[in-house]
Structure formats: structure tokens, C-alpha cells
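Results of the structural survey
One letter stands for each residue in the lines below.
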Amino acid sequence: MSQLLAVLIDGITYSSWLFIIAVGLTLIYGVMKILNIAHGSLYAIGAYTAASIAGHWLAEGYAPMGSYAMILLSAVLVGLIAGPLIERGLLRFMYGRDEIVLVLVTYAVFLILEDFVKLVWGVDPYFLFQPYGLLGNFDIGGLTYPNYNLVLFGAALLIGGALYWGLTKTRQGKILIAVIHDREMAGALGVNVGRVYLVTFTIGAMLGALGGALTAPMISVQPGIGVEVIVLAFAVVVIGGLGSLTGAALGAIIVGLVRSAAVHYLPEVELFSIYLVMAAVLILRPKGMFSAAEARKI
Amino acid sequence: MAAILEARAVNRNFGAVTAAADINVAIERDTVVGLIGSNGAGKTTFLNMVTGYLKPTSGSIHFENREITALDPRRITRLGICRSFQIPQLFDTLSVYDNLLVGVGIVASAGRRWAGGAALGGTPDEAVATMLQRFRLEPYRDRAAGLLPEGVRKLLDIAMAMVVRPRVLLLDEPTSGVSADEKFELMDMVMDAVRAQSITVLFVEHDMEIVKRYTHRVLAFAEGRIIADGEPAAVLDDAEVRRHVIGEALQVSHGGTHAAG
Amino acid sequence: MKRDRTVAMLGYALVILLLAGPFAPRWAMFLTNIALCYGIAVLGMMLLMRTGLVSFGHGLYFCLGAYAAGTLEMLFGVSDMALMLLAATVLSGVVAAILGLLLRKYREIFFAMLSLAFSMILYGLLVKSSSLGSSDGFNVTARTLFGFNLANAPYERYVIYAITVICAFAAAVAIHKYLASHNGRLAGAIRDNELRVEYMGASVRNTIHVNYIISAVLAGLGGALAGISVGHVDPVMAYWTTSGEFVFIAILAGTGNVLAPFLGAAIFETIRSFAYEYSPNTWQMTLGITMLVVIMFLPGGVWSLFARARKAA
């Protein structure tokens, strides 16, 4: 029984983490039809920036609780700087070309940013474990977990809720949805599609960076962390349906629980179980579980 | 009288929309049949069902006494029913020559499994040369299909349909998008090529002059039904046809009449 | 005639590479060797791209081929290079025939993602298999070639190199002829307009399936040769970054001619080796910038420069 509980809690924690790292990717794909491989490096840059800023904050002896604000600030900063830079500085010249070409462009950006990280922060790992342990632990069913897991869970709910509210209840959000469904038509109706793209990409970048920033206290921040995360994010997003917010949530839950079960019961299949689910979903429901309906082309 | 193509009680619904209702028609060999009707009348739906793109909701379609209702477009093409498209469907990065050569090659590699009509004869290169000549495409031989003028794209599209040995050729608005003075030239070329290969032709058209000049028989569609079926002059004069297809206010004079919609 | 020129150029390359081998410095021969292995794999990518598909998971076959070659000794006590290559190509072909049944229905992003998923499944499996060395992989030695002693012989390096050169030549000539044949034209037609291909009586999916199998066999051959040349295989060969490198080289080189993948692989390996040596923290950046430049200004890849120069000449 306690093992089942462990699976559940680990699963929910992992799912929360997955949702946070994947939601920005699915948002960008939904609106711009770009599968942003550079999302992985934004994650990494978010982690490094958090390690630096929050690390500096703590080193200077300021209020430890402020480190969480610093983590958040890092993500916002990275998003606000990297987002417009990449979108306005590069991507916007590529719109109209094949989907695959845009993926390759983001792949090139990914390669560039991977080395950018090494140039700015060096190759030695950074640590930011103070915010992780600061909140203490909680006990449940005889098991002890850090309260930081609750932070992840809460963050995932908040982000999901905020995006859902933003997309469905605000005017800007509805414009975004219009662009998701038919960018040409939206443009013809007077929507500034260029600005929508800029805003979307920036938000997506911020979310990617936030994923990294929130993860920084849990890992050793070093070169290459983005490489693994991006494929996980792909798996989540594909399972849930590219471009679907609900899908990202469901995909995160499924992948999180599957992986947690694997880790506890059958560790040999841990890695490949995720991609097996991804392949299975692609085979059975190619568009994922919740993708937007597409009109037939001819 | 052996009908080469037959539709029996064919219906097609898209939810609440009836695109085809009780279509019964038998097409005779080596005839030229025009399909007229305003947009949404069911002509293209009929074409799509014959070529396997759509399945009828009920009823059956027969080709040379063989039922083809459930077959896919590829198999139907191999049996000998080929079509051209309203918006030319070409291989834009390939040369005009290669566009045709692909078709010739497909037929050649299928060998005996190709049931379709008479071969063009000769080596693949000779077959392509023949087709280039028939449609006066030689000047564009080595140009990429994507760089052709619109009228030439139409011609190539039709040539490609003819190169895969059709016994029945379905043309979807062959002269749409073609300038008024080139329309007759295009249809003359097509009809010459058709006669050379002994093909039964059905074509969808909005230009009544073309219909009058080239068809033996006209089928008029409206709201998914065939409302008139017979010789061109009779059908075009029919009261129902005038109401649903041609439009009543227009007086027939010179310059041709175009269908409403 | 352009066609003859390609085969002629391939012939010259074959002769020059074989003759220059013994006289070139060790590192040059090794670099060329690896570049050729990658080039063979990218040749497969090129065929797929000419059919309109980009695979983000060809590392699957590269790795399968390498591991097939490597495990032959462990499983059957066989360690002849020729048999290793045979096993690699057969295994890749069989797996591609099976996976191709699924993949042939997908296009664009979904094809890329599904192929990625399959390669990551293999990666996940290998990393957790201790009998295969887990993430460390294991060493591979080809002890004989057609029965003749190979391992530790003074000519070992050269023979492996020579076999790689010959395989690359054979693969290039074969694909060149294939692309010039009806099937090659059909691939381009599929890439341009699948609908029309079906309406002209050919099966799009069958052609895609066949081309997918061919591309997999090539990747498997490249992987086996790489494993034997380096003497080691590991799961990273199936990781998405390896597949990404194949895509990168294919874009860099262009798909205009069978020589292009080898040219691209040579450039890639050169950048990788030298940049890594002199500036290990910027070689990926260099690659990324190169890719952007090629995508933006040279959509036909580096090969299009050659083609233009030839037209001007």
C-alpha cells in the first residue's frame, strides 16, 4: 500500500514537473506551428540564471524566502530577453517555410545556446539546494517528502489555471485561440499576428525557463541538462496532442505515473517506457489525445 | 448497348447535406458527356465517387460490368478511369518531361496488372514525346512544372491523366482558369488526343459554349439530382435547367453563356 | 552527361582514397573513415528527404547496425567483418520493414516524432541492459575478413578503411542509379504531390516503405562500419542527438547528388574534430550558425554551390 502511495506521490510530483516544462512547448506549437527544440536550452538557461541570481541573493545573506521570488524573476528575465531576441531576431524571417525547416532552425538555435551556456557559466556544475530544503518536509503514510514537491505541484496548477483563464476568459486569449485555429483568417480580420507570435513565443520561453528555474534546486545545474529535457517534453506534448493545453496536462499525468510505476516496480524499463507510450499514442491516435480538429486538405 | 460506366441508385450524404440523391446513369463507350450544374449541385461529388475519392452512402458504381464502388483511387486508375483536376495537380519541382515520364513509368512497372486502355506505344521516351506533341508542350519540355503559365499547367494536368492509359477520362472543369481565346484551342487538343486513344470522356463545365460544341450528351445536376439528361441542345433549352443552372434572365446571344454560380 | 560525371567522380574518389590511405597521417585516415560512415547513413537520409520525409530517428538503425556487428561474437562466436556487415544490414532491413508498416502512414512532424520515439526506445533499452554494457557500451573487434586474419595485423587500420571506402562507393553508385530510375523519379513525385501519384495508379505508401527500408539499411551499414572502425559501440548512437547530426549533415550538404552527403559528412567531421580540439565550448555553436546560414542562404545545401559553379563553367 505504501508503495502504491509512493508511486502516486512520485508520479504527481514528476507530472507537475513535466507539465511545467512541456506547456510552453505546446503553446508555441499550437499558435505558431513551430516545434521549438530550443525550448530545451531555454530550460537550461532558466536553471543557470536561477542558480546565479538566487544563489547570489542567498550568498549576500538576504531573506532566504526571497530566493523563490528570485527564481521566478530569473524565469521572467530569461523569457523577456531570449523570447523576443529569438522570435524577432530570427524566427520571423522563416515564417511561411515548411514546418520541418522551422524545426531545424530551432535545432540550430538549440546548438548555439548549448554552447552559449558553457561560455557564460563555464562547464562546472552549479548548485542551488537551499530553496529545496528550506520549506521542510511533510509526512504521509509513513513516507517523508520535501515540501518543495508541493511547490512544483502548486506551480503546475497555477500555471495551468492561469493559462486556461488567460486563453478562454480574456480577449487576448481568444485572439490567440483564433490564431491557433486559422492564422490566415485571423490576420484577415485584423489581428496583428506578428505581435501574437511575439507574445506567445515570449510566454513560451518564460515557461521553459521557469521549468529550469524551478528545477535548479533539485539538480546539479550543468551543461547538457536541456538535451534530455527536450525529448521528455516532446513525449508529453505528443501524447497529449500538439497545441493542446489540456493535452499537456493529461500527457504529463500519464508520463509521470507511467515513469513512477516503472521506477518502483520495473526500473529496467524506466527510460523506454515513456517513449513506448509516446509511440503507442502516435500509432493509435496520431494527433494525440486532444489536438484541434483539422479540416481535410482536398 | 454496352454501358462502359454505370451508376445505380447512388446516394451520398454528408450529415444533413445531400450531395447526391438517387443518381442513375449509364454512359456509353466512346461518347463525350458534359456535366453541368451550379456549384454544390453534385457534379464534383459524382466525379469523386466514380474515381474512388468518396464512397457512396448507398448505391453502386460499375465499370465495364465490374463493380468499383468500394475501390480506392489507385485501383480505379489502374482499371482505366483517370481524372484531371480543377486546380492542376502537378509535380512542381519536376520538369514537364519528367511529370509525364513518371506516369509512363508507373504504367510500365505495373506490367500486366494494368487493365487500362491502349498504350501509347513505343519506348517510354517515345510515349512522352507523343504526349508532348499532342498537347504542344514541347517548348516547355525541360521547364519545372511549377514555373509554367496557368494554361499550360492545365494542359499538363490533362496530359498526365491521359498518359496512364484511361478508357474513361474525367475532366474537372478543363477550361476554368484558361483565358477565353485559349479555351477552344485547349478543348480541340484534348478531343484530338481522346479520339486517337479511343476514350470515353466526361467533363464538368460551366461554359455552355464548350458544352454545346464538344458533347454528345449532357447531364444537368441540381441539388444532388440529375434534372435533365439528353442531347446538348435539348438539355440547355430545358426549363428546369434554365432555372437551376443557366439562369433565366440571360438571353442567349454571342459571347457564350455561363452558368450561375 | 551529368549522370556519367557523377559515377566518374565517384570512381576517382574511390581510387584516390584507396591509394592515398597508406600515405596519409593516421588522424586523416581515421577522420575520412568516420566521415564515410556518417556519409553512408546520410545517403539514406537523402533518399528519404527526396521522398519528402525527414527522419529524426535514424540513429535507431545506426545503433542497431553497430550493435549487431558487435554482438555477433557474443552470440554466435562470429567475428568476421564481412559477416558483421551482413548482419547489420539484414537486421536494419528487417526492423525497418516492420516499423515501416507504421511509419509509412505518417508525414512531417508526426513522422519525425514517431521515428524519434522508436530510436529513444532502443536507447532506453540499451542503457538498461547490463549484458550489453549499459551506457558504457562495449568494444568491438573484427578479427577476420573473409577468413583472413585482420585484428592486430599491421594492415588492420588500412583494411578497415579500405572496406569502408569500397562500401561507400558501392552505396553511392547504387543510390545514384536508383534515383535516376523510375523509383527515384517517383520519390520526387511523392514529395511534390502524393495525391496525384495515387491518381496515376502508384502506391505512395509502398514506395515510402521501400525507400525507408533502403535508408535504414544504409544507416545500419554506416553504423556497423563506424563501430568496427572506432572499435567501440554505445547507446548514444541511438540518442536523438545522433539522429540530429544526420539531419544536420543532410541539410548542410543538400540532396542534389549522391556525392553531397559525403561532402557534408567530411565538413562536419572536420569541424567537429578541429573545433573540439581548439575550442570545445564553441563547436556546437559553430555547427548551429553554419546550419542557420545554410538554411537561410543556401537552401540547396553546400552542393548547390558546386552545381552552380559547374553551370557557370
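A brief look at the structure comes next. (Residues numbered from 1 in each chain as written. Chains lettered and ligands numbered in written order. Predicted model: local features only at pLDDT ≥ 70, side-chain atom pairs only at ≥ 80, totals over all residues. Heavy atoms only, no water.)

Some words on the overall build of chain C
Counting its regular elements, chain C contains 13 helices and 4 strands. Taking 2.2 N^0.38 as the reference for a compact globule, 313 residues should give roughly 20 Å; the C-alpha atoms of chain C span a radius of gyration of 19 Å, in line with that estimate. Its C-alpha atoms give chain C principal-axis dimensions of roughly 55 × 45 × 40 Å. For chain C, the proportion of its 313 residues judged to be buried stands at 59%. Residue pairs at least 24 apart in sequence account for 81% of intrachain contacts in chain C once pairs closer than 6 positions are excluded. Charged side chains in chain C number 20 positive and 13 negative. The centres of these two groups are separated by 11 Å. (Helix = DSSP H or I, 4+ residues; strand = E, 2+ residues; numbered from the N terminus. Rg over C-alpha atoms; globule rule 2.2 N^0.38 Å. Buried < 20%, exposed > 50% of the residue type's maximum accessible area, 1.4 Å probe, protein only. Contact = heavy atoms within 4.5 Å. Lys, Arg positive; Asp, Glu negative; His and termini not counted. Charge placed at Lys NZ, Arg CZ, Asp CG, Glu CD.)

Quick notes on the interface of chain A and chain C
Taken together, the contacts link 45 residues of chain A with 42 residues of chain C. On inspection of chain A and its partner chain C, the count reaches 1 salt bridge. In this structure, K128 of chain C engages E270 of chain A in a salt bridge whose closest nitrogen and oxygen atoms are separated by 3.6 Å. Counting every contact that joins chain A to chain C gives 8 residue pairs in polar contact (both at pLDDT 80 or more). Elements with a minimum of two residues in the side of chain A that touches chain C: α4 (99–121), α10 (225–240) and α12 (270–284) of chain A. In terms of residue count, α4 of chain A provides more of the side of chain A that touches chain C than any other element does, 16 residues in total. Residue composition of the side of chain A that touches chain C, grouped by class: 35 nonpolar, no polar and 10 charged. (Salt bridge = Lys/Arg side-chain N within 4 Å of Asp/Glu carboxyl O. Polar contact = N/O pair within 3.5 Å; in protein donor to acceptor, adjacent residues only side chain to side chain. Nonpolar A, V, L, I, M, F, W, Y, C, P; charged D, E, K, R; others polar.)

Topic: the side chain of R272 of chain C
Residue and element names in this part refer to chain C. With respect to the helices, strands and loops of the structure, R272 is situated in helix α11 (residues 259–278). Reaching out from R272, the side chain makes a polar contact with the side chain of E245 at a distance of 3.0 Å. If sequence neighbours within four positions are ignored, R272 has contacts with Y38, E245 and W283.

Some thoughts on the sheet that holds strand β7 (residues 168–172) of chain B
All names here are of chain B. Pairing is mixed in the open sheet, where 6 strands are placed in the order β6-β7-β8-β3-β9-β10. Two strands in the sheet have a free side with no partner beyond their single neighbour: β6 (81–83) and β10 (225–230). Across the sheet, the mean angle from the axis of one strand to that of its neighbour is 20°, orientation sign disregarded. Across the face of the sheet, helix α1 (residues 43–50) comes into contact with β3 (32–36), β6, β7, β8 (200–204) and β9 (217–222) while running at roughly 145° to β7. (Pairing = 2+ DSSP bridges. Axes fitted to C-alpha atoms, helices over the stretch in contact; angles between N-to-C directions.)

Focus on the nonpolar core
In this structure, F234 and M278 of chain A, F135 of chain B together with W240 of chain C are the most contacted members of the largest nonpolar core, which totals 267 residues. If we ignore the near neighbours within four places in the chain, the residues touching F135 of chain B are L155, I158, A159, M162, M189, V190 and A193 of chain B. Listed in part, the 29 residues of the second largest apolar core include I4, L47, L170 and V204 of chain B. (Core = buried A, V, L, I, M, F, W, Y, C linked by side-chain atoms within 4.5 Å.)

Focus: the environment of Y106 of chain C
Relative to the helices and strands, Y106 of chain C resides in the loop between α4 (81–103) and α5 (108–127). Here Y106 of chain C falls in the buried class, since its relative accessible area comes to 7%. Considering only alpha carbons, one finds Y106 of chain C and R205 of chain C, 99 residues apart in sequence, at a separation of 9.5 Å. A distance of 2.5 Å separates a polar side-chain atom of Y106 of chain C from the backbone oxygen of L282 of chain A. Reaching out from Y106 of chain C, the side chain makes a polar contact with the backbone oxygen of I283 of chain A at a distance of 3.4 Å.

As for the pattern of salt bridges
Residues and elements named next belong to chain B. The tally for this structure, following the rule as stated, stands at 23 salt bridges over all chains. Two residues, R29 and E64, come together in a salt bridge whose shortest N-O distance is 3.5 Å. Note that R29 is positioned in the loop between β2 (17–28) and β3 and E64 in the loop between β4 (58–63) and β5 (66–67), a separation of 35 residues in sequence. Under the relative-accessibility criterion, R29 is labelled partly exposed at 41%. With relative accessibility at 27%, the residue E64 sits in the partly exposed group. Here D192 ties to R195 by a salt bridge, and the two come within 3.4 Å at their closest N and O atoms. Here the residue D192 and the residue R195 both occupy positions in helix α6 (residues 180–197), the gap between them amounting to 3 residues, near one helical turn.

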